[in-house]
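Observations on the model geometry
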Number of protein chains: 2
Amino acid sequence: MTERAEIGADNDPSFASEAETRRTADSSERAYLSIRKLLVEFKLKPGERINEVQLSRSLGVSRTPIREALNRLASEGFVSLTPNRGFFVRSLSTEGLLDLYELRSIIECAAFKLMCERADDSEIDRLRQYWEAIVDVYPNQPPDIILAEDEGFHLLIAELSGNPELVGQLSSINARIRFIRRIQIEHPSHDKAQITSHSAIVEAAVKRDAENGAKLLREHIEMTVSATQQALKDALLKVFAPDNGAELKRRRRGREG
Amino acid sequence: MTERAEIGADNDPSFASEAETRRTADSSERAYLSIRKLLVEFKLKPGERINEVQLSRSLGVSRTPIREALNRLASEGFVSLTPNRGFFVRSLSTEGLLDLYELRSIIECAAFKLMCERADDSEIDRLRQYWEAIVDVYPNQPPDIILAEDEGFHLLIAELSGNPELVGQLSSINARIRFIRRIQIEHPSHDKAQITSHSAIVEAAVKRDAENGAKLLREHIEMTVSATQQALKDALLKVFAPDNGAELKRRRRGREG
DNA sequence: GAACGCAATAGTGTCGACACTTTCTTGACG
DNA sequence: CGTCAAGAAAGTGTCGACACTATTGCGTTC
């Protein structure tokens, strides 16, 4: 079992530079971001046990900030903590993801309705402008940009609901499903449906048609859910294939692969 | 879990016993519970800066588990973290609370609808039984018990929705508004309204009347919101009066008293 | 006497070390 | 051969110490 800490974040530019006495500048926060990145990119694999020492070595900080970051990630649902055994990468079961999408749908529909009630015309116009500014170039961009713009669109609705808690919730949900959305986005059929959905949602917002807008959002999200089923399979393949099939088989022993 | 954390928690039986080498048994978790208790009981006051050293002394553990607990509390929204300045008790503004209640209403209504769709008859019956088992003694109990039973009722609905994310969200929200709910519960007008609401909700559940049940829930929660406004004032008085008025005045300088 | 530094103090952020627990290895026993 | 136990190794949980940053208090200057 030549473990070989291939976490490989040594080359993460946010760390490592200046091996000097620069003990400053919040290693905790950088550790958090780095680890989260490792998680969403499957460098740390679902179900896997996280070795703190290894991680701390590869990120070049002590275990303290690593643990702080992991604790944070635990209460955000990225990892789980078993006493005396450590942190584990949370398995992504199909149901788990669907639950998350369902929650997202609930939050977003509610946000939309509240926005219709509360936002003034200039605010609704901000939403329209946001979408119009990106709609033309939308499909011709790298996945990361598309994803960010899409999240921005939905997040803006949450903001215009006037309830910051909704924004917080949605952000957190977004972070957790981001990895799968990125994979989804690369499916070629995705873009056009996305565009027409968003345009229709903007239209409903301008008309302040809360019911219809919420319905569109729900459908918009549900539409992606069915695609998610397939994307999830792709993801699992992508994650476990590189090494070999044995890995997958081994994982099966535990709950929810 | 009966840990009574008088900020001078040296006398907290969950700690301190056996000053032996018993370095075992998760100080972090206990610190988390203790600090959260201090927060909901206003032993640590809104806006106040939290002194880690002091806390660690009074809880009898080192700063490490204190910090882990605080980080957790931070991502749950109880406290906020300003780099290099430390943790602050999150101020409770009126809007902040209303936002939280609104979120709660959203989650619970959605949970109820999902429960109507998905739960089988025996599960719905569990809800009915839960309520019938406590309805008779409900008002004649100490506030903590009433609160726990009430939360249990609503949490059960979330569970029966079949979506564990909803349970998690609701738990977290409950924890954050618990302190104000406890104060509310002591208002004498509270009980009867609570009882009739819950009974009606159970009835709707049995009939699987999703729309009506959600409406009842929404009203049930909104009803408490108006009471919350007053309860909040009471709470602030209760918090700041004991010392003296100057404290209150000082806080005013910062945002949202 | 008010504004400005500047030293002293208090407090956070991170580290390395060590105690305790879990997991792995090895070897005796059936 | 498989099972189990004892010891070794690996890993987590917590601690005390120190580096660095913010704050406070004091003396100096205008």
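Going by the structure above, here's the rest.
Read on for an overview of the structure.

Thresholds, definitions, all that
Residues numbered from 1 in each chain as written. Chains lettered and ligands numbered in written order. Predicted model: local features only at pLDDT ≥ 70, side-chain atom pairs only at ≥ 80, totals over all residues. Heavy atoms only, no water. Helix = DSSP H or I, 4+ residues; strand = E, 2+ residues; numbered from the N terminus. Buried < 20%, exposed > 50% of the residue type's maximum accessible area, 1.4 Å probe, protein only. Areas by Shrake-Rupley, 256 points an atom, 1.4 Å probe, with all protein chains shown as cover. Core = buried A, V, L, I, M, F, W, Y, C linked by side-chain atoms within 4.5 Å. Contact = heavy atoms within 4.5 Å. Near = heavy atom within 4 Å. Polar contact = N/O pair within 3.5 Å; in protein donor to acceptor, adjacent residues only side chain to side chain. Nonpolar A, V, L, I, M, F, W, Y, C, P; charged D, E, K, R; others polar. Phe/Tyr/Trp six-rings, centres within 6.5 Å; stacked < 30°, edge-to-face > 60°. Lys NZ or Arg CZ within 6 Å of the ring centre and 35° of its normal. Buried area = accessible area lost by both parts, 1.4 Å probe. Salt bridge = Lys/Arg side-chain N within 4 Å of Asp/Glu carboxyl O. Pairing = 2+ DSSP bridges. Expected span 1.5 Å × (residues − 1). Arc of directions from axis to C-beta. Least-squares fit on C-alpha atoms with pLDDT ≥ 70 in both.

Notes on the overall build of chain A
- When you go through chain A residue by residue, the secondary structure sums to 10 helices and 3 strands.
- Residues counted as buried form 48% of the 257 residues belonging to chain A.
- Working note: accessible area of chain A is about 13100 Å², and carbon and sulfur atoms make up 51% of it.

A look at the nonpolar core
- Counting 132 residues, the largest nonpolar core has Ile 35, Phe 112 and Met 115 of chain A together with Ile 35, Phe 112 and Met 115 of chain B as the members making the most contacts within it.
- With residues near it in sequence (within four places) discarded, Phe 112 of chain B still touches Ile 157, Ile 201, Ala 204, Ala 205, Asp 209, Ala 210, Gly 213, Ala 214 and Leu 217 of chain B.

Details of the protein's contact with DNA strand C
- Among the 26 residues in the neighbourhood of DNA strand C, the closest are listed as Ser 27, Ser 62 and Arg 85 of chain A together with Arg 63 and Arg 67 of chain B.
- Sugar plus phosphate, as a fraction of atoms of DNA strand C within 4 Å of the protein: 74%.
- In this structure, Thr 64 of chain A approaches DNA strand C through a side-chain N or O atom, which is 3.4 Å from a base nitrogen.
- A distance of 2.9 Å separates a phosphate oxygen of DNA strand C from a polar atom in the side chain of Asn 51 of chain B.
- With 3 residues, helix α3 (residues 63-75) of chain A is the largest single contributor of residues to the surface near DNA strand C.
- Looking at side-chain class alone, the surface near DNA strand C contains 5 nonpolar, 10 polar and 11 charged residues.

What about the packing of aromatic side chains?
- The full count for this structure, using the stated rule, is 2 aromatic pairs over all chains.
- Sitting above the plane of the Tyr 32 of chain A ring, Arg 72 of chain A keeps its charged end 3.7 Å from the centroid.

Topic: the protein's contact with DNA strand D
- DNA strand D sits among 25 residues. The nearest are Arg 63 and Arg 67 of chain A together with Ser 27, Ser 62 and Arg 85 of chain B.
- For DNA strand D, the fraction of atoms within 4 Å of the protein that belong to sugar or phosphate moieties is 75%.
- Between DNA strand D and Asn 51 of chain A there is a distance of 2.9 Å, counted from a phosphate oxygen to a side-chain nitrogen or oxygen.
- In this structure, a base nitrogen belonging to DNA strand D sits 2.7 Å away from a side-chain N or O atom of Arg 63 of chain A.
- Looking at the surface near DNA strand D, the elements with two or more residues in it are β1 (49-50), α2 (52-59) and α3 of chain A together with α1 (27-40) and α3 (63-75) of chain B.
- Broken down by element, the residue count for the surface near DNA strand D peaks at 3 residues, all from α3 of chain B.

Comments concerning the interface of chain A and chain B
- At the junction of the two partners, chain A supplies 23 residues and chain B supplies 23 residues.
- Carbon and sulfur atoms supply 49% of the area that chain A and chain B bury against each other, a total of about 2000 Å² over both sides.
- Among the residues of chain A in contact with chain B, Glu 68, Glu 102 and Glu 165 of chain A are the three that bury the most area, contributing 26% of the side total.
- Counting across the interface, chain A meets chain B through 8 salt bridges.
- Between Arg 67 of chain A and Glu 68 of chain B there is a salt bridge; the shortest N-O distance is 2.4 Å.
- In this structure, the connection of chain A to chain B is made through 14 residue pairs in polar contact (both at pLDDT 80 or more).
- The set of elements that each furnish at least two residues to the side of chain A that touches chain B consists of α3, α4 (94-118) and α7 (164-185) of chain A.
- Considering each element in turn, the side of chain A that touches chain B owes the most residues, 9 residues, to α4 of chain A.
- Looking at the side of chain A that touches chain B residue by residue, the class counts come to 8 nonpolar, 5 polar and 10 charged.

Observations regarding the sheet that holds strand β2 (residues 79-82) of chain A
- Pairing in this open sheet of 3 strands is antiparallel, and the strands run β1-β3-β2 (chain A) from one edge to the other. In the strand order of this sheet, the two ends are held by β1 and β2 of chain A, each with one partner.

Details of helix α5 (residues 121-135) of chain A
All names here are of chain A.
- The terminal C-alpha atoms of α5 lie 21 Å apart, and with 15 residues this matches the ideal 21 Å at 1.5 Å per residue to within 8%.
- All of the buried residues along α5 are Ile 124, Leu 127, Trp 131, Ile 134 and Val 135. All buried residues of α5 fall inside an arc of 120° around its axis, so they share one side. In α5, those exposed residues whose orientation departs by more than 90 degrees from the buried face are Asp 121, Ser 122 and Ala 133.

Details of the relation of the copies chain A and chain B
- For the pair chain A and chain B, the relating rotation is 180°, the translation along its axis is 0.1 Å, and the fit reaches an RMSD of 0.1 Å. The relationship between the two copies is best expressed as a two-fold rotation axis.
- Take the interface residues of chain A: 100% of them recur as interface residues in chain B, which is what a same-surface contact looks like.

A short note on unusual backbone geometry
Residue and element names in this part refer to chain B.
- Although it is not a glycine, Phe 42 sits at a positive phi angle of roughly 65°.
- Among the structural elements, Phe 42 can be located in the loop between α1 and β1 (49-50).
- Overall, Phe 42 belongs to the buried group, its relative accessible area being 12%.
- Phi is positive for Asn 84, which is not a glycine, with a value near 65°.
- Along the chain, Asn 84 falls in the loop between β2 (79-82) and β3 (86-89).
- Relative accessible area serves as the criterion here: at 83%, Asn 84 is assigned to the exposed category.

Considerations on the pattern of salt bridges
- This structure, assessed with the given rule, holds 35 salt bridges over all chains.
- Salt-bridge contacts for Glu 102 of chain B lead to Arg 118 of chain A; the nearest nitrogen and oxygen are separated by 2.3 Å. Highlighted residues: Glu 102 of chain B in helix α4 (residues 94-118) and Arg 118 of chain A in helix α4, drawn from two different chains.
- Lys 43 of chain B serves as the salt-bridge partner of Glu 41 of chain B, at 3.1 Å between the closest nitrogen and oxygen.

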